[in-house]
Amino acid sequence: MTLLEGSVGVEDLVLLEPLEQGPLLKNLQLRYEHKEIYTYIGNVLISVNPYQQLPIYGPEFIAKYQDYTFYELEPHIYALANVAYQSLRDRDRDQCILITGESGAGKTEASKLVMSYVAAVCGKGEQVNSVKEQLLQSNPVLEAFGNAKTIRNNNSSRFGKYMDIEFDFKGFPLGGVITNYLLEKSRVVKQLEGERNFHIFYQLLAGAEADLLKALKLERETRCYVYLNRKVSTVDGMDDASNFKAVQSAMAVIGFSEEEIQQVLEVTALVLKLGNVELAGEFQANGISASGICDGRGIQEIEEMMGLNSEELEKALCSRTMKTAKENVVTALNVIQAQYARDALAKNIYSRLFNWIVNRINESIKVGTGEKKKVMGVLDIYGFEILEDNSFEQFVINYCNEKLQQVFIQMTLKEEQEEYEREGIPWTKVDYFDNGVICNLIEHNQRGILAMLDEECLRPGVVNDTTFLAKLNHLFSKHTHYESKVTQNAQRQYDRTMGLSSFRICHYAGKVTYNVNGFIDKNNDLLFRDLSQVMWKARHPLLQSLFPEGDPKQASLKRPPTAGAQFKSSVAILMKNLYSKNPNYIRCIKPNEYQQRGQFSSELVAVQTRYLGLLENVRVRRAGYAYRQGYRPFLERYRLLSRSTWPCWNGGDREGVEKVVGELSLSSEELAFGKTKVFIRSPKAPMTELEFSRCPWSERTRQGDKGVCTTLAGEARLLGPPGPPFHPAALSAAVPPGGAAAPETAAAGHAHTEDLPGLALPLPLPADAEEPDRHLHLVSGQHGTSAPKPQPLALQKKRYGKIKASALLIQAFVRGWKARKNYRKYFRSGAALTLANFIYKSITRKFLLGLKDNLPSTNILDKTWPAAPYKCFHTANQELRQLFYRWKCKKFRDRLSLKQVENLREKLSASELFKDKKASYPQSVPIPFRGDYIGLQGNPKLQKLKGGAEGPVLVADTVKKVNRGNGKTSSRILLLTKRHVILTDTKKSQAKTVIGLDSVAGVSVTSFKDGLFSLHLNEISSVGSKGDFLLVSEHVIELLTKMYRAVLDATQKQLPVTVTEDFSLRFKESSVAVKVIQGPEGGRNGKLSCKKKGSRCLEVTV
Ligand SMILES: Nc1ncnc2c1ncn2[C@@H]1O[C@H](COP(=O)(O)OP(=O)(O)OP(=O)(O)O)[C@@H](O)[C@H]1O
Ligand SMILES: [Mg+2]
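Residues numbered from 1 in each chain as written. Chains lettered and ligands numbered in written order. Predicted model: local features only at pLDDT ≥ 70, side-chain atom pairs only at ≥ 80, totals over all residues. Heavy atoms only, no water.

A. Summary view of the overall build of the protein chain. A tally of helices and strands in the protein chain yields 38 helices and 32 strands. Out of the 1102 residues belonging to the protein chain, those deemed buried represent 52%. Partitioning the intrachain contacts of the protein chain with sequence separation of at least 6 by distance along the chain shows that 67% fall at a separation of at least 24. Roughly 52200 Å² of accessible area belongs to the protein chain as shown, and the carbon and sulfur atoms make up 53% of that amount. (Helix = DSSP H or I, 4+ residues; strand = E, 2+ residues; numbered from the N terminus. Buried < 20%, exposed > 50% of the residue type's maximum accessible area, 1.4 Å probe, protein only. Contact = heavy atoms within 4.5 Å. Areas by Shrake-Rupley, 256 points an atom, 1.4 Å probe, with all protein chains shown as cover.)

Printed below as a string of structure tokens:
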């Protein structure tokens, strides 16, 4: 986008100086003559119709624009489409692309280019491609039925079109919805000289196979049909026959069935045949003129083809039934009225067929309701029209354009205003013309022109176009945007251009005089009920479905909405839709009236620029602050210009920027400091000064480093006068590592500039580079309008070559550096890690899956576990083993009954007390604790021993009591309850000794396999008793375990269980030391012998 690249004129009109109509036109012309048909106004694209195929489209260019950001390459429709699509895909902002311009300006071509661009970049895949195909193929079908050759355009769209293309979250197309506006149906029955009917009629006749024509009862010659202008049947460069084939295949691609295609063609043929129905006046006995069909063959063919009753059709065409309160009155129509009815029917059939086709396409391309969609709307709608004779159609078209202008102004200003608000900068209201007053004049619900027209159409009494005009004159006599003969007369103005039956509206784009003749009829848009009833009776499914109101069951006396009301409400829906989206504008301009390449008519373009509001557009863009830039990038680029900020600046970004711009001696109005950006009002002076000051540094630096600085030096020389003295650090500042940022213009469209990184180099940069050098537009713009200082061509060429080579070199380095930085993670060094990760993951997966199939049994005693296949899994394998074991145990525990749990708890206590301490413990493990070894349950005599409130007996066993005196043993029954140990003689039925568990101070057992144990009692309890007991039990493990647990329950204290062979037994006043010796049996047989050793020692052999 620079002069160095050979840009022509100003590529962005925001940078145009002076901002006036003349230079603007000159700039467009200069560019057009150099085949530069696209120019920006910020993010608005102006497109001038080249009327020739330029080599700037296609896959190569799509690929190019896909990789660059908006301002990096020359202005192009692909750049705009790219920005819209990327914003939709990446930022989730619904988009709309508004394409406006007058007939022949290139709107439809532009919309197709946008669609083809989006289709090319929006993902691939079988299903996606089929959706794309359907969307793209809707164009030839709609063009065949909705386009026609006019004087102004050989392929003029005679309807307005808005298409929503819907995408999924990835930006892949899902489908779409098409809305059509106001088909010019009058063309079906009449065309101006030099124009044609809708393409489909000619395509059908030229391209249909003989069989098809025969089936449709058509002749191949267009001159056979009254509705086809006989003078013009072909269009230069348009092959109707092959287009017909294309339409047929497009319909098939979209999903029309063969029958549907056939029926569509039959209805199309019906329209042609209706035109040939000849009507003639007839004599009636009552003297009133009537009419009838004089060519029986045509009507007969219609009957056969469409299943229409010819008599009924004739009756409906030639008479009219009026419903009164009492009866139906049938009035004969004269030949003019009958012809009018026939033409009205033909127009209605065709326009309804067109609507049906649009709906049918929508049915095929529609997206399921459940899916979340991103939407891109493309609006290809008629531009502002000022014809010699402007009628109802021009009125509504211009109304639509007023509304679009309103959207444009509101959305542009709103965007500006929001930025100022965000940045906390006071907003000065921009002086622009708000066309709300004109919109209101037309659309006000009670007092608008459309409302008046409706009122007039519905009002009883004499109603015609004149009464309508009178009403307007009365209501708007003082309105500043309304004029008519009456209002002019009242103000004593003389105006020859104003007719008696006209009114004039001062639109935003200029004054338009409308002829009211036909307003009422066109607004009513009524088809006689007789005709719709006959159509509904047709035995042709499609034709019948086009006239649902003909069904007597559906007949309602309610009037359908008028054409004006329908248009108004569809415009309202459209506006709502547009307001909800991010707008992108394409303003199309027609360069000449003759569809000729290379001709640029300044007068014609001037008119269009005026009503497209291009100058106003630039002004709005430039209002407020033309340049804005974030503090950080601004400072990075310009800090070398101030002694305060160069070479070292430790302050904040904003303060740094203040220092730099402070040296520019700008007035406070020229500058504003927002929260994150600096704003500069004028597009010219300060930025130019900064850039001019900045570049010569590089120029001087060149002396020291030829290679790198050539570019900058070249720039500097071309850009302006020598600047301040040499500053050695300039080179590094001129090309900072991340690329230098450049000022952003308000005009540049903030939506885009935020993303525009770039290097201060004149050649294109990758999409992810820093912001491009916007200042160069300004400079190039100046050169575009005022010639540069003459220099020898060869020298300039050489210099340019050097600059380009240097730029390429630097660019290659910067790109390489950035690519390496960004893609390092994808490089070879990273590959090993990725591969290793992948392998590791897959062997882990294999290991885990293998383990799953190879798990040991769930028996808790089974402790086997497969070995880890690799050492690295060793720890994980052990943990998994643990995990699995715990899980098995948990499962086991869950299966246990309460009783089993209790038993196991006792076994656990036994283990804690005796494991590895007492030799008889291991044998006791597998033997369950029985508790009752004397048959206590079945022996009431023994039961009595434990007393009443003792609770269950924990152990009932026969033990031997060792006499401390003589070492002899005697049998006793020992009962352990929850509170006591009871000892009794085996023969007596009374308890002999009852020891409270709280009196048990401890027990001693030997480590041998014997059953000897001593029960040590507290001193206090010993009082009254004879002292500690020395006992022998065969179930000593069980007995002591249970005693231990019972003591714990009863006293919350742990009973000391001592494993020892030497202990003492205390008596009332004395004690005996007991020494246990292991005999040859090791205590296994339960026998023991005691030997007294003196009075105080007892030796026990077990
Ligand atoms: N970018 C372009 N490159 C080449 N030719 C173009 C381009 N744009 C338009 N044309 C030519 O101009 C003709 C008219 O363009 P197009 O049909 O798009 O106009 P329009 O604005 O849609 O007009 P209308 O309002 O009548 O439908 C095209 O048929 C084509 O020949
Ligand atoms: Mg068009």
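B. Helix α33 (residues 874–895), seen in detail. Across its 22 residues, α33 extends 32 Å between first and last C-alpha, which sits within 8% of the 32 Å expected from 1.5 Å per residue. Within α33 the residues assigned to the buried category are N877, F884, K888 and C889. Down the axis of α33, the buried side of the element spans an arc of 135 degrees, and every buried residue falls inside it. Within α33, the exposed residues directed more than 90 degrees away from the buried face are T875, E879, L883, R886 and D894. Turning to α33, the residues buried within the fold contact α32 (828–853). (Expected span 1.5 Å × (residues − 1). Arc of directions from axis to C-beta.)

C. The arrangement of a nonpolar patch on the surface in detail. Among the surface-exposed residues, Y823, Y826 and F827 lie close enough to one another that they form a single nonpolar patch of about 340 Å² accessible area. Checked against the element boundaries, Y826 lands in the loop between α31 (793–823) and α32. (Patch = residues over 30% accessible without salt bridge, like charges linked within 9 Å, V, L, I, M, F, W, Y side chains within 5 Å. Salt bridge = Lys/Arg side-chain N within 4 Å of Asp/Glu carboxyl O.)

D. Molecular detail of the site of ligand 1. If you check the shell around ligand 1, you find 18 residues, and the closest are S103, K107, T108, S156 and S157. Between G106 and ligand 1, the recorded distance is 2.9 Å, taken from a backbone N or O atom to an oxygen atom. Considered on its own, ligand 1 offers 620 Å² of accessible surface; in the complex 88% of this is hidden by protein. Residue assignment for the shell around ligand 1 shows that the elements contributing at least two residues are α4 (107–121) and β5 (156–157). (Near = heavy atom within 4 Å. Polar contact = N/O pair within 3.5 Å; in protein donor to acceptor, adjacent residues only side chain to side chain.)

E. Highlighting the nonpolar core. F145, L345, I349, F395, F468, F503 and I586 are the most contacted members of the largest nonpolar core, which totals 203 residues. If one sorts the elements of this core by residue count, helix α12 (residues 335–365) sits on top with 13 residues. Counting 30 residues, the second largest nonpolar core, distinct from the first, contains L913, V981, F1013 and L1040. (Core = buried A, V, L, I, M, F, W, Y, C linked by side-chain atoms within 4.5 Å.)

F. Fine view of the sheet that holds strand β22 (residues 969–977). With respect to topology, eight strands assemble into an open sheet ordered β24-β23-β22-β21-β27-β26-β25-β28, the strand pairing being mixed. Here the strands that pair on one side only, and so sit at the sheet edges, are β24 (993–996) and β28 (1057–1059). The mean angle between the axes of side-by-side strands here comes to 30 degrees, regardless of whether they run parallel or antiparallel. Pairing of strand β26 (residues 1012–1017) with strand β27 (residues 1029–1032) involves four bridges; the strand directions are antiparallel. Within β27, the residue paired with L1015 across the bridge is F1029. In the packing of helix α38 (residues 1036–1051) onto the sheet, contacts are made with β21 (953–962), β22, β23 (980–985), β25 (1000–1005), β26 and β28, and the angle to β22 comes to roughly 40 degrees. (Pairing = 2+ DSSP bridges. Axes fitted to C-alpha atoms, helices over the stretch in contact; angles between N-to-C directions.)

G. Broad picture of the packing of aromatic side chains. Evaluated as defined, the whole model comprises 29 aromatic pairs. Ring geometry for Y631 and F673: centres 6.5 Å apart, planes at 20 degrees, overall stacked. Residue Y631 is located in helix α24 (residues 631–638), and its partner F673 is located in strand β18 (residues 671–673); the two are separated by 42 residues in the primary sequence. What makes F673 partly exposed here is its relative accessible area of 24%. Through successive ring pairs, a cluster of aromatic residues spans F392, F395, F468, F476, Y482, F503, Y514 and F519. Over the ring of F408 we find R587, and its NZ or CZ is 4.7 Å from the ring centre. (Phe/Tyr/Trp six-rings, centres within 6.5 Å; stacked < 30°, edge-to-face > 60°. Lys NZ or Arg CZ within 6 Å of the ring centre and 35° of its normal.)

H. Summary view of the layout of surface pockets. Here the second largest pocket defines a volume of roughly 970 Å³. Lining the second largest pocket are 39 residues, with N49, Y51, E109, N153 and N155 positioned closest to its centre. Listed by contribution, the elements that provide at least two residues to the lining of the second largest pocket are α4 and β5. Looking at the lining of the second largest pocket, the element that brings in the most residues is α4, giving five residues. For the lining of the second largest pocket, the residue count by class is 15 nonpolar, 16 polar and eight charged. (1 Å grid on protein atoms, 1.4 Å probe; cavity = no way out; pocket = protein on both sides within 12 Å on 5 of 7 lines; lining within 4 Å. Points joined across faces, edges and corners; volume = space filled by probe spheres on them. Nonpolar A, V, L, I, M, F, W, Y, C, P; charged D, E, K, R; others polar.)

I. Quick look at the pairing of strand β7 (residues 173–181). Judged from the eight bridges that link them, strand β6 (residues 160–167) and β7 form a sheet pairing that is antiparallel. Of the residues in β7, the one forming a bridge with F167 is P173. Taken together, β6 and the strand that follows it, β7, pair antiparallel across an intervening segment of five residues, in which G171 is found at a positive phi of about 90 degrees.

J. Region of the structure containing unusual backbone geometry. Residue E17 is joined to P18 through a cis peptide bond whose omega torsion reads -10 degrees. Looking at the secondary structure, you find P18 in the segment before α1 (21–33). The peptide bond linking W646 to P647 adopts the cis configuration, its omega dihedral lying at 5 degrees. Assignment of secondary structure puts P647 in the loop between α24 and α25 (653–662). Although it is not a glycine, K35 adopts a positive phi angle of roughly 60 degrees. Along the chain, K35 turns up in the loop between α1 and β1 (38–41). If you check the backbone angles, Q595 has positive phi at about 55 degrees while not being a glycine. Of note, Q595 is situated in the loop between β16 (582–589) and α22 (602–611). With a relative accessible area of 22%, Q595 lands in the partly exposed category.

K. Region of interest: the coordination of the magnesium ion (ligand 2). Within the protein, the magnesium ion (ligand 2) binds to T108 (OG1) and S157 (OG); these donor distances fall in the range 1.9 to 2.0 Å. Of this pair, T108 sits in helix α4 while S157 sits in strand β5, and the two are 49 residues apart along the sequence. Per residue, the accessibility class of T108 equals that of S157, and both read buried. (Donors = N, O, S within 2.8 Å, 3.2 Å for Na, K, Ca; no water.)

L. Representation of the sheet that holds strand β29 (residues 1062–1066). Taken in spatial order, the four strands line up as β29-β30-β32-β31 in an open sheet, and their pairing is mixed. Strands with a single pairing partner mark the edges of an open sheet, and in this sheet they are β29 and β31 (1089–1092). The sheet shows a mean angle of 25 degrees between the axes of neighbouring strands, direction not considered. Bridge count between strand β30 (residues 1071–1077) and strand β32 (residues 1097–1101): five bridges; the pairing is parallel. From the neighbouring strand, V1074 faces β32, where its bridge partner is L1098.

M. Region of the structure containing the environment of T958. In this structure, T958 sits in strand β21. Taking the relative accessible area as the measure of exposure, T958 reaches 37% and is therefore partly exposed. Residues T958 and L983 lie 25 residues apart in sequence; the distance between their C-alpha atoms is 9.4 Å.

N. Focus on the side chain of S532. Residue position: S532 is located in helix α19 (residues 529–537). Taking relative accessible area as the criterion, S532 reaches 1% and is therefore assigned buried. Ignoring anything within four residues of it in the chain, the contact list for S532 reads L527, F547, E549 and G550.

O. View of the packing of α4 against helix α5 (residues 126–146). In contact at an axis separation of 10 Å, α4 and α5 are set at 165 degrees when each is read in the N-to-C sense. The angle between α4 and α5 falls in the class roughly antiparallel. Pair α4 / α5 crosses with left-handed handedness. Residue-level inspection shows T108, K112, M115, S116 and A119 of α4 in contact with α5, the latter providing K132, L135, L136, N139 and E143. (Parallel < 35°, antiparallel > 145°, perpendicular 65-115°, else oblique. Left-handed = near helix turned anticlockwise from the far one by under 90°.)

P. Geometry of the environment of N155. Along the chain, the position of N155 falls in the loop between β4 (147–148) and β5. For N155, a relative accessible area of 19% corresponds to the buried category. Distance in space between the C-alpha atoms of N155 and E143 is 8.0 Å, their sequence separation being twelve residues. Every residue in contact with N155, bar those within four places of it in the chain, is listed here: E143, N147, A148, H199 and M238.

Q. Up close: the pattern of salt bridges. Counted by the stated rule, this structure contains 41 salt bridges. A salt bridge links D92 to K374; the nearest nitrogen and oxygen atoms lie 3.5 Å apart. Highlighted residues: D92 in the loop between α3 (77–91) and β3 (95–100) and K374 in strand β12 (residues 374–380), separated in sequence by 282 residues. Each of the salt bridges in this network shares a partner with another, and the network as a whole consists of R158, E184, R187 and E195.

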